[in-house]
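What the coordinates show
Each chain, written out:
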Amino acid sequence: EPEVTQTPSHQVTQMGQEVILRCVPISNHLYFYWYRQILGQKVEFLVSFYNNEISEKSEIFDDQFSVERPDGSNFTLKIRSTKLEDSAMYFCASSPAGPHNEQYFGPGTRLTVT
Amino acid sequence: GENVEQHPSTLSVQEGDSAVIKCTYSDSASNYFPWYKQELGKGPQLIIDIRSNVGEKKDQRIAVTLNKTAKHFSLHITETQPEDSAVYFCAASIVGSQGNLIFGKGTKLSVKP
């Protein structure tokens, strides 16, 4: 059964450093998402991406964040200058059918900013 | 904006009993309501979903009900098994958005053998 994969599973970085989180969505999916979950809190939407552009973003997704689909398989989330409060679990999701349809989540990348 | 409240935060049942988790939402324009199961160290796994034009949906031991008037929806798990132990999240998606999901805080379900 096809799955969303994410690498790395755990990333430790120092405050102010740039990090890139990588995702490989399910191959025939066209809609991609990033969410984050701070320990003990709700899963929060960050950004949705379709047709090589951002279709929606939340207030959390400020200028420090960017997303890219550099090739036909990868979908990346970049944080330019990490802050302590960026420490969280980051989930990538993909959907075959777009808004208001099923989204399939990857296993997540745990980001720890020290 | 949309807010999703989920109750209870923890739920402990005996194997074979039923479990019910309830969610309320604030935006009457929400039209898609998935439920996710998250096991330790894994990402959320979609287990069932319902759309606003349907009142109930069932898949084997799992069912979801939706009351649009009251703006609440519930997950029902019958004949619970130890492998049902996990954190369950409800979510809602609003018409006019690009499908971003607003999640509840989660319910930790423990099924005791």
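Up top you'll find the structure we're talking about.
Presented here is an overview of the structure given in this document. (Residues numbered from 1 in each chain as written. Chains lettered and ligands numbered in written order. Predicted model: local features only at pLDDT ≥ 70, side-chain atom pairs only at ≥ 80, totals over all residues. Heavy atoms only, no water.)

1. Examining the packing of aromatic side chains
Residue and element names in this part refer to chain B. Here is the rule we go by: Each Phe, Tyr or Trp ring, with Trp reduced to its six-membered ring, pairs with another whose centre is within 6.5 Å; inter-plane angles below 30 degrees give stacked pairs, above 60 give edge-to-face pairs, and intermediate values give tilted ones. A run of DSSP states H or I qualifies as a helix once it reaches four residues; a run of E qualifies as a strand once it reaches two. Both are numbered from the N-terminal end. Whether a residue is buried, partly exposed or exposed follows from its accessible area with a 1.4 Å probe, protein chains only, as a fraction of its type maximum: under 20%, in between, or over 50%, in that order.
Summed over the entire model, instances satisfying the criterion amount to 18 aromatic pairs over all chains. Ring centres 4.8 Å apart and planes at 50° place the aromatic pair Phe33 and Phe73 in the tilted group. Highlighted residues: Phe33 in strand E4 (residues 30-38) and Phe73 in strand E8 (residues 72-77), separated in sequence by 40 residues. The class for Phe33 is buried, based on a relative accessible area of 0%.

2. What about the state of the cysteines?
All names here are of chain B. Condition: Throughout, a disulfide means two cysteine sulfur atoms within 2.5 Å of one another.
In total, this model carries two disulfides over all chains according to the counting rule given. Each sulfur of the disulfide joining Cys23 and Cys90 lies 1.9 Å from the other. Residues Cys23 and Cys90 share a disulfide whose torsion about the S-S bond is about -100°; that sign makes it left-handed. Here Cys23, found in strand E3 (residues 19-25), pairs with Cys90, found in strand E9 (residues 86-94); they are 67 residues apart in sequence, far enough to count as distant.

3. A word on the nonpolar core
Note the following rule: As used here, the term nonpolar core means buried Ala, Val, Leu, Ile, Met, Phe, Trp, Tyr and Cys residues forming a set that is joined through side-chain atoms within 4.5 Å.
Among the nonpolar cores identified, the biggest contains 24 residues, and Trp35, Phe73, Leu75, Tyr88 and Leu109 of chain B are the most heavily contacted of them. Where this core is concerned, the elements lending two or more residues are strand E2 (10-14), E3, E4, strand E5 (45-51), strand E7 (62-67), E8, E9 and strand E11 (107-112) of chain B. Core analysis: the second largest hydrophobic core is formed by 22 residues, Phe32, Ile38, Phe65 and Ala88 of chain A among them.

4. Observations concerning the interface of chain B and chain A
To keep it simple, the criterion reads: By the convention used here, residues are in contact when the closest approach between their heavy atoms is within 4.5 Å. Once two parts are brought into contact, the accessible area they lose, counted with a 1.4 Å probe and summed over both, makes up the buried area. For this document, the term salt bridge refers to a Lys or Arg side-chain nitrogen within 4 Å of an Asp or Glu carboxyl oxygen. Throughout, the ten residues Ala, Val, Leu, Ile, Met, Phe, Trp, Tyr, Cys and Pro are labelled nonpolar, Asp, Glu, Lys and Arg are labelled charged, and all others, Gly among them, are labelled polar.
Listed as interface residues are 26 residues of chain B and, on the opposing side, 19 residues of chain A. When the two sides are added together, the surface that chain B and chain A hide from each other amounts to roughly 1,800 Å², 54% of it contributed by carbon and sulfur. Considering only the surface of chain B that becomes buried against chain A, Gln98, Asn100 and Phe103 of chain B emerge as the three largest contributors, covering 31% of it. For the interface between chain B and chain A, the tally reads zero salt bridges. Looking at the side of chain B that touches chain A, the elements with two or more residues in it are E4, E5, E9 and strand E10 (101-103) of chain B. Top element by residues in the side of chain B that touches chain A is E4 of chain B. It accounts for four residues. In the side of chain B that touches chain A, the residues fall into 10 nonpolar, 12 polar and four charged.

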